[in-house]
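# Examining the three-dimensional arrangement
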Amino acid sequence: MVDIGDKDTTRREAVAEGYVKMNRSTLDLIVSGRVPKGDVLQTARIAGICAAKKSPELVPLCHPIRVDSVSVDFEVCRERGALRVSSHVKATDRTGVEIEALTAVLISALTIYDMCKAVDREMEIERVRLISKSGGRSGEWKRNEDG
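These remarks concern the structure in this document. (Residues numbered from 1 in each chain as written. Predicted model: local features only at pLDDT ≥ 70, side-chain atom pairs only at ≥ 80, totals over all residues. Heavy atoms only, no water.)

### Description of the packing of helix α2 (residues 40–53) against helix α4 (residues 98–116)
Put simply, the test is: Interaxial angle, 0 to 180 degrees, is taken between N-to-C directions of lines fitted to C-alpha atoms, where a helix line uses only the stretch in contact. Put simply, DSSP marks the helices as runs of H or I at least four residues long and the strands as runs of E at least two long, and each gets a number from the N terminus on. The sense of a crossing depends on the near helix, which, turned anticlockwise from the far helix by less than a right angle, makes the crossing left-handed and, turned clockwise, makes it right-handed. Two residues form a contact once any of their heavy atoms are found within 4.5 Å. Residues are grouped as follows: Ala, Val, Leu, Ile, Met, Phe, Trp, Tyr, Cys and Pro are nonpolar; Asp, Glu, Lys and Arg are charged; all remaining types, including Gly, are polar.
With their axes 7 Å apart at the nearest point, α2 and α4 run at an angle of 145° to one another. α2 and α4 meet at a crossing whose hand is right-handed. Every residue of α4 that contacts α2 at V40, T43, A44, A47, G48, A51 and A52 is listed here: E100, T103, A104, I107, S108, T111, I112, M115 and C116. A class-by-class count of the residues in the contact of α2 with α4 yields 10 nonpolar, five polar and one charged.

And the structure:
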């Protein structure tokens, strides 16, 4: 584990995103709230928030940090036949929150998959990636629009 004891405590933020590609009929079920297992988006949101806070238990060398806030949001992308899952994590600590943001997206996406697999076995989780981060020695970083 990397020693972060000499690093300054600063405001840290990270944004991540990913997509759950699915049949359009599955997307319609989610949007209309008719998935047999229940409210997919609210369940996936809570799962992602909880997962972000548990990142050090899931990723062996991830430092435990005091997470200040986690948000998980969804956007229906009908033209892609997908749900976009995004997370925004904030903390004031000695190390970044990129892993927490990515974990929130991944677990939210897995929850969507789990709740909808009975109606759509062809779903795919794709393009999970960091969009931006700020804070710490390395400062701000933002993904190029082409990336």
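Let's pick the thread back up.
### Some remarks on the sheet that holds strand β3 (residues 82–93)
Note the following rule: Here a strand pair is declared whenever DSSP counts at least two bridges between the two strands.
If you trace the five strands from one edge of the open sheet to the other, you get β2-β3-β1-β4-β5, paired in antiparallel fashion. The open sheet terminates on both sides in strands that have one partner only, identified here as β2 (67–77) and β5 (141–142). As defined by bridge partners, strand β1 (residues 10–21) adjoins strand β4 (residues 124–134) across eight bridges and the pair is classed as antiparallel. Within β4, the position partnered with K21 by the bridge is E124. Strands β2 and β3 of the sheet are contacted by α2, whose axis makes an angle of about 145° with β2.

### What to know about helix α1 (residues 24–32)
Where we set the bar: Exposed residues in this analysis have more than 50% of their type's maximum accessible area, buried residues have under 20%, and partly exposed residues fall in between, with area computed by a 1.4 Å probe over protein chains only. Note: the arc covers the axis-to-C-beta directions of the helix.
Along α1, the residues classified as buried are T26, L27, L29 and I30. Here the buried residues of α1 occupy an arc of 160° about the axis, which is enough to place them on one side. Elements that come into contact with the buried residues of α1 comprise α2, β2, β3 and α4. Where α1 terminates, the next one or two residues include G33, which has phi positive at roughly 75°.

### Quick look at the pattern of salt bridges
Threshold: We define a salt bridge as a side-chain nitrogen of Lys or Arg found within 4 Å of a carboxyl oxygen belonging to Asp or Glu.
If you walk through the whole model with that rule in mind, you get 10 salt bridges. A salt bridge links E126 to R80; the shortest N-O distance between them is 2.9 Å. On the criterion of sequence distance, the pair formed by E126 in strand β4 and R80 in the loop between β2 and β3 is long-range, its members being 46 residues apart. For R80, a relative accessible area of 31% gives the class partly exposed.

### Details of unusual backbone geometry
Even without being glycine, R127 reaches a positive phi, approximately 50°. Looking at where R127 falls in the secondary structure, it is placed in strand β4.

### With respect to α2
The line we're drawing: An expected span of 1.5 Å times one less than the residue number is assigned to each helix. Think of a polar contact as two N or O atoms within 3.5 Å of one another; within protein, one of them needs to be a possible hydrogen donor and the other a possible acceptor, and neighboring residues in sequence only count if both atoms come from side chains.
Compared with an ideal rise of 1.5 Å per residue, which puts 14 residues at 20 Å, α2 spans 20 Å between its outermost C-alpha atoms and is within 8% of the ideal. The set of residues buried in α2 consists of V40, A44, G48, A51 and A52. Each buried residue of α2 lies within a common arc of 100° when the element is viewed along its axis, so the set occupies one face. Residues of α2 that are exposed and angled more than 90 degrees away from the buried face: I46 and K53. Residues of α2 that are buried make contact with α1, α3 (55–58), β2 and α4. Residue D39 occupies the N-cap position of α2, its side-chain oxygen lying 3.3 Å from the main-chain nitrogen of L41.

### A few points about the pairing of β4
Examined bridge by bridge, β4 and β5 share two bridges and lie antiparallel to one another. Within β5, the position partnered with S132 by the bridge is K142. The hairpin turn running from β4 into β5, its antiparallel successor, is six residues long, and G135 in that turn takes a positive phi close to 105°.

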